[in-house]
Amino acid sequence: MKQICAWIGMILGLIVAISVSARPPTNMEYCAAMGDAFFQKNYFRVGGTEEGFIKETSGFANYKMQLYAAMQYGLLACGDETFEHLDLQIYDDKGNMLMKHDEPINSPIFVFRPPADGVYFVVVYANTGYGNFVFLKMYRE
């Protein structure tokens, strides 16, 4: 019941935000709200949100995170309309790529369980395009 109430509250909050706003939500805002709703529906909790800007194609943003093997993480990057292809990659502390989402979309999403407790790096990479993006990290046990 608690999850249903949270889900309804989030949808109502999105509706109010959209109706109060003088403009429709951007692709980035809509993607982030829908990703957040998906993760919460699947019992993930918000672990952090970062906003960033990539100024050119082939540019990237890098996030260092402490992750735990007992947890499952949902990762989502949402680019604005100027991105045609945004990638999401995870590396261990030795620089080995563990996971990559490289479908040609501007909102890559995946679920990841680290093989061990430790420091990991998440890279948001602009394969095609540039601009603003938001990165969400969710978790569940």
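Please read all numbers here as calculations on a predicted model, not as lab measurements. (Residues numbered from 1 in each chain as written. Predicted model: local features only at pLDDT ≥ 70, side-chain atom pairs only at ≥ 80, totals over all residues. Heavy atoms only, no water.)

Trainee: Help me understand the sheet that holds strand β7 (residues 118-128) in this model?
Mentor: Spatially, β2-β7-β4-β5 is the arrangement adopted by the four strands of the open sheet, whose pairing is antiparallel. Among the strands making up the open sheet, the edge pair consists of β2 (60-67) and β5 (97-101). Averaged over neighbouring strand pairs, the angle between their axes works out to 20 degrees when direction is ignored. Two elements, strand β4 (residues 85-92) and β7, share eight bridges in a ladder whose sense is antiparallel. Paired with H85 across the two strands is T128, which belongs to β7. (Pairing = 2+ DSSP bridges. Helix = DSSP H or I, 4+ residues; strand = E, 2+ residues; numbered from the N terminus. Axes fitted to C-alpha atoms, helices over the stretch in contact; angles between N-to-C directions.)

Trainee: Looking at this model, I keep getting lost on the packing of aromatic side chains. Mind explaining?
Mentor: Given two aromatic rings, one states the distance between the centres and the angle between the planes to describe the pair. Using the criterion set out here, one finds two aromatic pairs in the structure. Measuring from ring centre to ring centre gives 5.1 Å for Y63 and F135, while their planes differ by 10 degrees; the resulting arrangement is stacked. Of this pair, Y63 sits in strand β2 while F135 sits in strand β8 (residues 131-140), placing them 72 residues apart in sequence. Given a relative accessible area of 13%, Y63 falls into the buried group. (Phe/Tyr/Trp six-rings, centres within 6.5 Å; stacked < 30°, edge-to-face > 60°. Buried < 20%, exposed > 50% of the residue type's maximum accessible area, 1.4 Å probe, protein only.)

Trainee: Sorry, what's going on with the nonpolar core here?
Mentor: L88, V124, F133 and F135 are the most contacted members of the largest nonpolar core, which has 21 residues in total. Breaking this core down by element, the ones donating at least two residues are β2, β3 (72-79), β4, β6 (109-112), β7 and β8. (Core = buried A, V, L, I, M, F, W, Y, C linked by side-chain atoms within 4.5 Å.)

Trainee: What am I meant to see in the pairing of β8 here?
Mentor: Note on strand geometry: in a regular strand, side chains alternate between the two faces of the sheet. In terms of burial, β8 is a largely internal element, seven of the ten residues being buried. Looking at chain direction, β3 and β8 are connected through eight bridges and run antiparallel. Considered in β8, the bridge of G79 is made with F133.

Trainee: Would you explain the environment of G59 in this entry?
Mentor: Its place among the elements puts G59 in the loop between β1 (45-54) and β2. Take G59: its relative accessible area is 12%, and that puts it in the buried class. Residues G59 and A126 lie 67 residues apart in sequence; the distance between their C-alpha atoms is 5.5 Å. Other than its neighbours up to four places away in sequence, G59 contacts I54, V124, Y125 and A126. (Contact = heavy atoms within 4.5 Å.)

Trainee: Just to check I follow, could you spell out the environment of N42 for this structure?
Mentor: With respect to the helices and strands, N42 occurs in the loop between α2 (27-41) and β1. By relative accessible area, which is 26% here, N42 ends up partly exposed.

Trainee: Mind showing me how you'd approach the pattern of salt bridges here?
Mentor: Opposite charge on two side chains permits them to pair, given that their charged atoms come into close proximity. Scanning all chains against the criterion turns up one salt bridge. In this structure, K94 and D93 form a salt bridge, with 3.7 Å as the shortest nitrogen-oxygen distance. With respect to burial, K94 and D93 carry one shared label: exposed. (Salt bridge = Lys/Arg side-chain N within 4 Å of Asp/Glu carboxyl O.)

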